Amino acid sequence: MSRPEAPVSIRLHGLLDEPAELTVAQLRDLPSHHVEARFNCLGNGDQRHGFDGPRLWDVVRAARPRVDLQGRRERLRFLLTVTGADGHCAVVSWAEIDPDFGGQQILLATSIDGAPLDTAGPQLVVPADYCGARYISGITEVWGAPSDGEPPHG
Ligand SMILES: Nc1nc2c(c(=O)[nH]1)N[C@H]1C(S)=C(S)[C@@H](COP(=O)(O)O)O[C@H]1N2
Ligand SMILES: [Mo]
């Protein structure tokens, strides 16, 4: 019989006014979206999965990133990194998820094919990617800051 595993949490940090530690259950409190994703893995070929979870955009904005949302130029240098428990890490740029620019439905999935990810950790879902390498599983950290590390000048 398998032992029940403890729920994991992700660390949301960087140049944010409200950094947080969030469990998958807490991510589920945000508005949830469904994505039918298809991606290609160099090793395993084409994959299809149904994911549910909040948009990365909503998670990051709840942490109040120090970025000017009125001007169109300042926010373009804001970077996000997403890291898994094994150290696998990818950059997502602000403009990919900002509705004024790419507006992609990038999710922090709380379930895959209906199976909850509370103990495995959330998975990044990047619907526009052909390659599956940014579908980072077992996320432990999301970090965000301007590319030069400095807050916007006003
Ligand atoms: N944490 C973590 N996530 C990861 C990887 C990894 O090495 N570590 N590999 C990626 C790659 S290369 C692919 S193709 C997909 C594979 O997803 P699957 O295992 O559901 O097919 O996971 C991605 N997510
Ligand atoms: Mo892959």
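Residues numbered from 1 in each chain as written. Chains lettered and ligands numbered in written order. Predicted model: local features only at pLDDT ≥ 70, side-chain atom pairs only at ≥ 80, totals over all residues. Heavy atoms only, no water.

Draft legend 1. Layout of the pattern of salt bridges. Tallied over the entire structure, the rule returns twelve salt bridges. Close ionic contact of D100 with R72 constitutes a salt bridge, the shortest N to O distance being 3.9 Å. Within this pair, whereas D100 is found in the loop between helix 3 (94–97) and strand 7 (107–109), its partner R72 is found in the loop between helix 2 (56–62) and strand 5 (78–84), the two being separated by 28 residues in sequence. The class of D100 is partly exposed, set by a relative accessible area of 41%. (Salt bridge = Lys/Arg side-chain N within 4 Å of Asp/Glu carboxyl O. Helix = DSSP H or I, 4+ residues; strand = E, 2+ residues; numbered from the N terminus. Buried < 20%, exposed > 50% of the residue type's maximum accessible area, 1.4 Å probe, protein only.)

Draft legend 2. Highlighting the site of ligand 1. Around ligand 1, the surrounding shell consists of F39, C41, Q47, H49, D86, H88, G132, A133, Y135, I136 and S137. Separating a nitrogen atom of ligand 1 from a backbone N or O atom of S137 is a distance of 3.0 Å. Taking 530 Å² as the accessible area of ligand 1 by itself, protein coverage stands at 68%. Broken down by secondary-structure element, the contributors of at least two residues to the shell around ligand 1 are strand 3 (33–41) and strand 4 (45–53). Of the residues belonging to the shell around ligand 1, the class tally is five nonpolar, five polar and one charged. (Near = heavy atom within 4 Å. Polar contact = N/O pair within 3.5 Å; in protein donor to acceptor, adjacent residues only side chain to side chain. Areas by Shrake-Rupley, 256 points an atom, 1.4 Å probe, with all protein chains shown as cover. Nonpolar A, V, L, I, M, F, W, Y, C, P; charged D, E, K, R; others polar.)

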